[in-house]
Amino acid sequence: MSRMPIIAGNWKMHLTRRRAAALARAVAAAQGQADGRRCVVFPAFVHLEIVRRNLKGSNVQVGAQNCHEMKEGAFTGEISAPMLRDMGAQQVLVGHSERRHVFGETDARVAAKLAAVLANRMAAMVCVGETLEERESERTLEVLQRQIQALAGVLRAEHHGRFSVAYEPVWAIGTGRTATPRVAQEAHAAVRRLLAGILGAEMAARTPVLYGGSVKPGNADELLGQPDVDGLLVGGASLDIESFGPILAAAPSA
Ligand code: 13P
């Protein structure tokens with residue numbers, strides 16, 4: 001089963017409007033007319049509009065890093081899925097490890113956010129992954145199982161094409177410590193087996209599973225070479241076209 005590679009940049013809480021616009025133009029130029037890979041960037045909410053405008057004419061998608069699960073209401077400081085849709089967001093990251101571990105998002109909350117994104121006809125990229133302590137105590141599989149099982153009540157076959165998973169081991173995020181290709185492949189194969197349990201083997205085989213955690217130009221190739229690694233979700237190295245360009249180029253363009 002061949003799945004089109006996806007290279008995604010999570011810009012987190014970085015950049016100014018001007019720098020976000022310039023980076024968007026550089027990413028659009030680097031992606032060019034490539035139709036053999038997908039590219040998506042996730043700027044901060046306040047930069048969505050300007051990034052969207054600067055990506056116009058390219059096939060690079062723009063997404064948000066988070067959303068609230070309710071469609072509106074007295075939730076000061078929050079942004080809803082309909083607002084994101086209205087803004088032109090095509091994707092939303094759901095359950096990023098920083099949301100789970102810094103902001104205390106539970107599996108149930110992640111599932112509710114996934115439902116909100118899908119109901120608003122955007123694509124969701126759900127992040128899963130274990131902490132260092134969980135890996136060292138051999139609970140990786142148990143954690144992935146719990147995080148994926150929590151999505152079971154929401155995902156249906158009709159969501160195909162609007163749902164991907166990013167495996168991001170927490171110990172590899174922003175630490176410079178990347179999972180070896182073998183460790184990544186093992187976890188990705190497990191994620192796909194778990195997805196098959198709730199979606200069936202055929203849809204699981206068609207669901208993109210991206211790797212994230214200290215991806216750099218020097219390790220992109222090897223990670224993408226693993227059979228179950230369908231793309232990369234890049235943090236730090238996505239903030240600069242000097243590093244994001246070569247990562248994008250590591251995925252086939254036609
Ligand atoms: P780094 O690439 O900076 O480790 O971040 C990974 C990440 O969290 C992407 O969502």
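Residues numbered from 1 in each chain as written. Predicted model: local features only at pLDDT ≥ 70, side-chain atom pairs only at ≥ 80, totals over all residues. Heavy atoms only, no water.

Concerning the overall build of the chain
Reasoning step 1: Check the secondary structure of the chain and you find 11 helices and 8 strands.
Reasoning step 2: Against the compact-globule benchmark of 18 Å for 254 residues, the chain has a radius of gyration of 17 Å, which places it among compact chains.
Reasoning step 3: The principal-axis extents of the C-alpha atoms in the chain amount to approximately 45 × 45 × 35 Å.
Reasoning step 4: Burial statistics for the chain: of 254 residues in total, 56% are counted as buried.
Reasoning step 5: With the model as given, the accessible surface of the chain reaches about 11,400 Å², and the carbon-plus-sulfur share is 51%.
Reasoning step 6: Charged side chains in the chain number 29 positive and 25 negative. The centres of these two groups are separated by 7 Å. (Helix = DSSP H or I, 4+ residues; strand = E, 2+ residues; numbered from the N terminus. Rg over C-alpha atoms; globule rule 2.2 N^0.38 Å. Buried < 20%, exposed > 50% of the residue type's maximum accessible area, 1.4 Å probe, protein only. Areas by Shrake-Rupley, 256 points an atom, 1.4 Å probe, with all protein chains shown as cover. Lys, Arg positive; Asp, Glu negative; His and termini not counted. Charge placed at Lys NZ, Arg CZ, Asp CG, Glu CD.)

Focus on unusual backbone geometry
Trans is the prevailing form of peptide bonds, just as negative phi is the prevailing case for residues other than glycine.
Reasoning step 1: Even without glycine at this site, K12 takes up a positive phi of about 45°.
Reasoning step 2: On the secondary structure map, K12 appears in the loop between strand 1 (6-10) and helix 1 (17-31).
Reasoning step 3: Phi at R121 is positive, roughly 55°, even though this residue is not glycine.
Reasoning step 4: Tracing the backbone through its elements, the reader meets R121 in the loop between helix 5 (107-119) and strand 5 (123-128).

Digging into the site of the ligand
Reasoning step 1: The local shell around the ligand consists of N10, K12, H96, E168, A172, I173, G174, G213, S214, L233, G235 and G236.
Reasoning step 2: Within the side chain of N10, one N or O atom sits 3.0 Å away from an oxygen atom of the ligand.
Reasoning step 3: In this structure, G236 approaches the ligand through a main-chain N or O atom, which is 2.9 Å from an oxygen atom.
Reasoning step 4: Protein chains bury 96% of the 310 Å² of accessible surface belonging to the ligand in isolation.
Reasoning step 5: Of the residues contributing to the shell around the ligand, the split by class is 3 nonpolar, 7 polar and 2 charged. (Near = heavy atom within 4 Å. Polar contact = N/O pair within 3.5 Å; in protein donor to acceptor, adjacent residues only side chain to side chain. Nonpolar A, V, L, I, M, F, W, Y, C, P; charged D, E, K, R; others polar.)

Here we look at the packing of helix 1 against helix 11 (residues 241-249)
Reasoning step 1: Interaxial distance between helix 1 and helix 11 falls to 10 Å at its minimum, and their mutual angle equals 25°. Taken together, the axes of helix 1 and helix 11 lie roughly parallel to each other. With respect to the hand of their crossing, helix 1 and helix 11 are arranged in right-handed fashion. In this structure, helix 1 contributes L23, A26, V27, A30 and Q31 to the contact, and helix 11 contributes I241, F244 and L248.
Reasoning step 2: Residue composition of the contact of helix 1 with helix 11, grouped by class: 7 nonpolar, 1 polar and no charged. (Axes fitted to C-alpha atoms, helices over the stretch in contact; angles between N-to-C directions. Parallel < 35°, antiparallel > 145°, perpendicular 65-115°, else oblique. Left-handed = near helix turned anticlockwise from the far one by under 90°. Contact = heavy atoms within 4.5 Å.)

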